[in-house]
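Read off the chains here:
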Amino acid sequence: MKILLILASDLIYKYTNILSLNSGFAPLSLTTLAASVPEKYHADIRIIDEGMQKVNYDKLNYDIVGISCCASSSNRAYELAQYWRKRGAYTIIGGYHATLCPDEVSKHCDSVICGFGENIFPELLEDYCSAKTKKIYYADCKQQTKYILPRRDLIKNIPYGAKNTIYATRGCVNKCKYCSVNRFTNSSYIKRPIGEIVDEIKTCKFKKLFFLDSNFTADKEYTKELMTALIPLKIKYYADVTYDIYNDDELMNLLNKSGCFEVFIGFETSQNNNLKLNYKNYNTEKYKNCVEVFHDKNIAITGGFMVGMDNDTECIILSLPDYVNQLKIDVVRYTIFTPIPGTILFEEYKNNNRLLTLNYDYYDYMHVVHKPANIEPQRLQELFAKIWKESYSNKNILYRLYGKKDFCYLLAVNMYFKLLQRNIPQKIFY
């Protein structure tokens, strides 16, 4: 049995040449799916990431082709499924978009996997061998089955910037209106046994790693126990956290002692009224204190901000680069507020005729696809490109990083985001 697993590309995340590499975190979805294939099939498995690799499919032959996609890469996934079906392969589509919109996706492939694919893939393979496959397979997202060590050997030749990825938890306890994570897992939050995580780190001999948890600190007591177990390993790690943990002295001390060197925090906006509209219980007045506490613990911050929420004005958006500088955030990641198909926000905007296009190619957080309340869509697109360019001017990069302990590392990350500017669209085409 020959199995090909593909991470589909989109308008932004795609390989065109060596200078276009989207050198980010190595995803765990396909490596874990590959590891779930029972040994009895003696399967020949290959993983291709279209954002990181150039490939000629015409030279390849596979029995089963599994494709993972999000909304922005769904059309590409359909193209791939059609191509491989014509060549006689059995096609499967999974991932976020397949889970949130299974009926749509099922029109374009032989089978759809919803939820954690590794929990159902062995059953699908069994059905395939007995010619009894189903159109849609619903994998359990309420609990974690026996953990499967990802097949990291299958991505050793893919040039990810961060290959040593791992997770401790899956899902998120928050219910932000715009987020697809809680819809994917049905609001469940799954925690791995701590001993199992420690064993994986030891087995893989990780010294620097990147947790892919959507919310690493959602269960503070669990996280404290985990970090205590990480201290003897003397590792360095990155994680996504929420801003409000800064006032938990015990947790912050453990983050420092256990080796956390950088966190991502979705601050989202400088306006409290934007947060309330989207069911996010944050307080922007405390952001500066938050950043100071993390920096006191020698932990760098990548801050996420979205533009185009209903209370955003042109002045508010244009003030973001100065706001980021005032907070002294080390790295900033701007995105455009986007109603992702399958979320509460999408249905709300669709019902109110506030979507500019239903072509999901543009639902990549870099294109404006909705009608903002206070700004013309084209102007929002221009402002997005403008603030990105301003925040990643050499002057502002040096301002944010001056005197930082990990200056060289942070400079490299900032330059990566500076280079991403070439992918930002300047105009709306629909």
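Just above sits the structure.
Residue numbers here run from 1 along each chain, matching the order of that chain's written sequence. Confidence filtering applies because this is a predicted model: local features only for residues at pLDDT of at least 70, side-chain atom pairs given and counted only at 80 or more, and all residues used for totals across whole chains, interfaces and linings. Hydrogens are left out, water is left out, and the side-chain values use all remaining heavy atoms of the structure.

**Points about the sheet that holds strand β3 (residues 64-68)**
Strands pair, by our definition, only if DSSP identifies at least two bridges between them. Every helix listed is a DSSP run of H or I at least four residues long, and every strand listed is a run of E at least two residues long, numbered separately from the N terminus. Across the sheet, which stays open at both edges, the six strands sit in the order β2-β1-β3-β4-β5-β6 with parallel pairing between neighbours. Bordering the open sheet on either side are β2 (44-49) and β6 (136-138), each of which pairs with just one other strand. Across the sheet, the mean angle separating the axes of adjacent strands is 20° when strand polarity is ignored. Bridging between strand β1 (residues 2-7) and β3 involves five bridges; their strand directions are parallel. Its bridge partner lying in β3, Leu7 is registered against Ser68. Here helix α2 (residues 74-86) sits on the sheet in contact with β1, β3 and β4 (90-94), set at roughly 165° to β4. A fitted line through C-alpha atoms serves as each axis, taken over the contacting stretch for helices, and the angle formed by two N-to-C directions is quoted from 0 to 180°. We call two residues contacting when some pair of their heavy atoms lies within 4.5 Å.

**Details of the side chain of Ser106**
Along the polypeptide, Ser106 turns up in the loop between α4 (102-105) and β5 (111-114). Polar side-chain contacts of Ser106 include one of 2.7 Å to the backbone oxygen of Asp103. If sequence neighbours within four positions are ignored, Ser106 has contacts with Val112, Lys135 and Ile136. Pairing of N or O atoms within 3.5 Å defines a polar contact, subject to two protein rules: one partner must be a possible hydrogen donor and the other a possible acceptor, and residues neighboring in sequence count only if both atoms are side-chain atoms.

**Observations concerning empty space enclosed by the protein**
Buriedness for pockets is judged along seven lines, at least five of which must meet protein on both sides within 12 Å for an open set on the 1 Å grid over protein atoms alone, while cavities are sets there where a 1.4 Å probe fits but cannot get out, and lining residues have an atom within 4 Å of a point. Grid points are joined across faces, edges and corners, and a volume is the space filled by probe spheres set on the points. Under the definition given, this model contains two cavities of 30 Å³ or more. The volume enclosed by the largest cavity comes to roughly 60 Å³. Taken together, Leu7, Pro27, Ser29, Leu30, Thr31, Ile47, Asp49, Ile155 and Tyr160 form the lining of the largest cavity. At the level of elements, α1 (29-35) and β2 are the ones that each hand at least two residues to the lining of the largest cavity. Note on residue classes: Ala, Val, Leu, Ile, Met, Phe, Trp, Tyr, Cys and Pro are nonpolar, Asp, Glu, Lys and Arg are charged, and everything else, Gly too, is polar. Its residues placed into classes, the lining of the largest cavity shows six nonpolar, two polar and one charged. Each pocket or cavity is described by its volume, and for the second largest cavity that value is around 30 Å³. Every residue lining the second largest cavity is listed: Thr269, Ser270, Met306, Val307, Asp312, Ile316 and Leu320. Tallied by class, the residues present in the lining of the second largest cavity amount to four nonpolar, two polar and one charged.

**Quick word on the packing of helix α8 (residues 220-230) against helix α9 (residues 249-258)**
Two elements in contact, α8 and α9, have axes whose closest approach is 9 Å; the angle formed by their N-to-C orientations is 30°. One element, α8, and the other, α9, form an angle in the roughly parallel class. Considering only the axes of α8 and α9, their crossing is left-handed. Here Lys220, Lys224, Met227, Thr228 and Leu230 of α8 lie close against α9, whose contacting residues are Glu250, Leu251, Leu254, Leu255 and Ser258. Within the contact of α8 with α9, the residues separate by chemical class into five nonpolar, two polar and three charged. Small angles under 35 degrees read as roughly parallel and large ones over 145 as roughly antiparallel, with 65 to 115 read as roughly perpendicular and the rest as oblique. Here a crossing is taken to be left-handed if its near helix is turned anticlockwise relative to the far helix by less than a right angle, and right-handed if that turn runs clockwise.

**Comments concerning the sheet that holds strand β7 (residues 165-166)**
Taken in spatial order, the six strands make up an open sheet running β7-β10-β11-β12-β13-β14, and their pairing is parallel. Only two strands of the sheet have a single neighbouring strand rather than two, namely β7 and β14 (331-336). Across five bridges, the pairing between strand β11 (residues 236-241) and strand β12 (residues 260-268) is parallel. Across the sheet, residue Val241 finds its bridge partner in β12, namely Ile265. This element, helix α17 (residues 407-420), spans β10 (208-211), β12, β13 (300-307) and β14 of the sheet and lies at about 25° to β14.

**Things to note about the packing of aromatic side chains**
Two numbers describe a pair of aromatic rings. These are the distance of the centres and the angle of the planes. Note on aromatic pairs: the rings of Phe, Tyr and Trp (six-membered ring only in Trp) are paired at centre separations within 6.5 Å, and the planes decide the class, stacked below 30 degrees, edge-to-face beyond 60, tilted for the rest. One pass over the structure, following the stated rule, counts 28 aromatic pairs. Measuring from ring centre to ring centre gives 6.0 Å for Tyr57 and Trp84, while their planes differ by 80°; the resulting arrangement is edge-to-face. Of the two residues, Tyr57 sits in the loop between β2 and β3 while Trp84 sits in helix α2, which places them 27 residues apart along the sequence. The same class applies to Tyr57 and to Trp84, which are both buried. Relative to Tyr237, the ring of Phe211 has its centre 5.5 Å away and its plane inclined at 85°; by these criteria the two rings are edge-to-face. Linking Phe211 in strand β10 with Tyr237 in strand β11, this pair joins segments that are 26 residues apart in sequence. A relative accessible area of 0% places Tyr237 in the buried class. Members of the aromatic cluster, connected to one another through ring pairs, are Tyr243, Tyr246, Phe267, Tyr287, Phe305 and Tyr323. Taking NZ or CZ as reference, Lys2 lies 4.9 Å from the ring centre of Tyr62, over its face. Three exposure classes are used, based on accessible area relative to the maximum for each residue type with a 1.4 Å probe and protein chains only: buried under 20%, partly exposed in between, and exposed over 50%. Remark: a charge is flagged as sitting over a ring if the NZ atom of Lys or the CZ atom of Arg is within 6 Å of the ring centre and within 35 degrees of the ring normal.

**Quick look at helix α7 (residues 194-204)**
For α7, the set of buried residues is Ile194, Ile197, Val198, Glu200 and Ile201. All buried residues of α7 fall inside an arc of 160° around its axis, so they share one side. For α7, exposure combined with an orientation more than 90 degrees from the buried face picks out Lys202 and Thr203. Lys205 sits one or two residues past α7 and shows a positive phi near 55°. Our arc is simply the arc of the directions from the helix axis toward the C-beta atoms.

**Observations regarding the pattern of salt bridges**
In what follows, salt bridge is the name for a side-chain nitrogen of Lys or Arg lying within 4 Å of a carboxyl oxygen of Asp or Glu. Counted by the stated rule, this structure contains 18 salt bridges. Note that Glu314 and Arg379 form a salt bridge whose closest N and O atoms lie 2.8 Å from each other. Here the residue Glu314 occupies a position in helix α12 (residues 314-318), and Arg379 occupies one in helix α15 (residues 377-391), the gap between them amounting to 65 residues. Judged by relative accessible area, Glu314 falls into the partly exposed class, the value being 30%. The shortest N-O distance in the salt bridge between Lys404 and Asp330 comes to 2.5 Å. Of this pair, Lys404 sits in the loop between α16 (394-401) and α17 while Asp330 sits in the loop between α13 (320-327) and β14, placing them 74 residues apart in sequence. Judged by relative accessible area, which is 1%, Asp330 ranks as buried. Here the residues in one salt-bridge network are Arg152, Arg192, Glu196 and Glu200, joined through shared partners.

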